[in-house]
Amino acid sequence: MTAPLSREPILVNVALGERTYDIAIGRGLIASLGARAGALKPGARIAIVSDATVAGLHLSAVETALAEAGVDATRIVVAAGEGAKSFAILEQVCDGLLEAKIERGDLVIALGGGVIGDLAGFAAAVLRRGLDFVQVPTTLLAQVDSAVGGKTGINARHGKNLIGAFHQPILVIADTALLDTLPDREFRAGYAEIAKYGLLGDAAFFAWLETHASDVFAGGPGREHAIATSCRMKAAIVARDEREAGERALLNLGHTFGHALEAAVGFSDRLLHGEAVALGMTLAFQFSERLRLLPAPEAERVARHLTGVGLPTRLSEVPGGCPDADRLVDLMAQDKKVRRGRLTFILARGVGAAFIAPDVDPAEVRAFLAEKLAERC
Ligand code: NAD
Ligand code: GLY
């Protein structure tokens, strides 16, 4: 976990015309945050939004780096956890930004996991009709997924991520040293999103993960390679389909089953998002096998790898159990991916060959889930 500082960061560009930005990936990059932010927004004042856990671990290093670059920064710290993606905390962040007199030409820095990135990014999108913001993701999930691509938002009483905006950051700094303090379970959950990129569109990357996962977990050079490869794939997809008119939906591999399972456990710690995605991806490959889209060994290969790194791949692994097939299909039907009673799924013809299936019969899904639930007994 203590590899030396990398000399040059890996740069991945997200090509979006006048909203183009870089993702810088490397160990120790926080030290360059002031210079990088200052180069993009000379003279701007900065507000750092973070959660209490991350702030306790990393905020002073960030503030020191900014001070050394002569940048004036203020801090807004909210409670950690999914509950921060709420109207009440959004109000707290917006009030904090206004009290600090953050103006249109100033800058917001989101320092935290996906919750802080989504919340601070949304506050930046709406405050004064739009402020620039920088993502400094501190979880693996945020470094490979949520900090890239411009989806921001909060949750509503009616569901997750229902209030939001597309608002791209002007820079993403993925300092891999920040992951040293991340609990193992959170790191593993983020790894599910890395595996997702291989499974959805890069068979060679998935094969690489099968042999190099231990290096990714141990913090060797493979970790930065895995993060950069994931970011490159997300950046390319977002550049082609920023608003999810088509291809971007592939990034939802495992999420239709996964979201239903997360909803079934009340979006609680019983199942982290990445854990639900691991289970959901396994189910998506098994469902594809049932539909005769791919041979059984391909689905078995997916489950073997995810199980091997300690992620859940069977419904029996959902702590406290999960509801029956009817309830799970009902939860899917409330998802954003339903159209005129038919479900949209990301299915696969093999590892690295996912596709969007917009017309899946809920009865087929129900029968499949009933079978999978019966297997656990
Ligand atoms: P999170 O932000 O809640 O972070 C998980 C936990 O880890 C928190 O308790 C946090 O305080 C702690 N933590 C963060 N960094 C740490 C560090 N370096 N050391 C120690 N502890 C640390 O959760 P997450 O998994 O990063 O993100 C999940 C959120 O991301 C969800 O709300 C999900 O909807 C959202 N998301 C958004 C997108 C998008 O495209 N915008 C994509 C995927 C997920
Ligand atoms: N995490 C899915 C997306 O960004 O589209």
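Heads up: the structure comes first, above all this text.
Residues numbered from 1 in each chain as written. Chains lettered and ligands numbered in written order. Predicted model: local features only at pLDDT ≥ 70, side-chain atom pairs only at ≥ 80, totals over all residues. Heavy atoms only, no water.

Participant: Describe the environment of G34, and please don't skip the residues or the numbers.
Facilitator: Tracing the sequence through the fold places G34 in helix α1 (residues 33-40). Given a relative accessible area of 3%, G34 falls into the buried group. Considered as a pair, G34 and F166 are 132 residues apart in the sequence and their alpha carbons are 25 Å apart. (Helix = DSSP H or I, 4+ residues; strand = E, 2+ residues; numbered from the N terminus. Buried < 20%, exposed > 50% of the residue type's maximum accessible area, 1.4 Å probe, protein only.)

Participant: Go over the site of ligand 2, please, and point to the residues and values.
Facilitator: In the neighbourhood of ligand 2, the contacting residues comprise D145, K151, K234, E244, R248 and L251. Here K234 contributes a side-chain N or O atom positioned 2.6 Å from an oxygen atom of ligand 2. A distance of 2.7 Å is found between an oxygen atom of ligand 2 and a side-chain nitrogen or oxygen belonging to R248. Taken by itself ligand 2 offers 200 Å² of open surface, and the protein chains cover 87% of this. Looking at the shell around ligand 2 residue by residue, the classes come out as one nonpolar, no polar and five charged. (Near = heavy atom within 4 Å. Polar contact = N/O pair within 3.5 Å; in protein donor to acceptor, adjacent residues only side chain to side chain. Areas by Shrake-Rupley, 256 points an atom, 1.4 Å probe, with all protein chains shown as cover. Nonpolar A, V, L, I, M, F, W, Y, C, P; charged D, E, K, R; others polar.)

Participant: Quick one: what's the story with the site of ligand 1, residue by residue and with numbers?
Facilitator: Of all residues adjacent to ligand 1, which total 26 residues, the nearest are E82, G114, T138, T139 and T181. At 2.9 Å, a side-chain N or O of K160 approaches an oxygen atom of ligand 1. Side-chain polar atom of T181 to a nitrogen atom of ligand 1: 2.7 Å apart, as the coordinates give it. When isolated, ligand 1 has an accessible area of 860 Å², and the protein chains bury 88% of it.

Participant: Which residues make up the packing of aromatic side chains, and what values do they have?
Facilitator: This structure, assessed with the given rule, holds eight aromatic pairs. Arranged with centres 6.2 Å apart and planes meeting at 90 degrees, the rings of F257 and F287 form a pair that is edge-to-face. With F257 in helix α9 (residues 255-264) and F287 in helix α10 (residues 273-290), this pair connects stretches of sequence that are 30 residues apart. An aromatic cluster of at least three residues, connected via ring pairs, comprises F257, F287, F345 and F368. The positively charged end of K196 is found above the aromatic ring belonging to Y197, 5.3 Å away from the centroid. Over the aromatic face of F355 sits the side chain of R349, whose NZ or CZ is 3.9 Å from the ring centroid. (Phe/Tyr/Trp six-rings, centres within 6.5 Å; stacked < 30°, edge-to-face > 60°. Lys NZ or Arg CZ within 6 Å of the ring centre and 35° of its normal.)

Participant: Any details on the nonpolar core? Residues and values, ideally.
Facilitator: The biggest cluster of nonpolar side chains holds 82 residues, and the ones touching the most others in it are L140, Y191, F257, F285, V365 and L369. Top contributing element to this core by residue count: α10, with nine residues. Filtering out sequence-adjacent residues up to four positions away, L140 remains in contact with L179, L182, F187, G190, Y191, I194 and I227. A47, V93, L97 and I116 belong to the second largest nonpolar core, which has 25 residues in total. (Core = buried A, V, L, I, M, F, W, Y, C linked by side-chain atoms within 4.5 Å. Contact = heavy atoms within 4.5 Å.)

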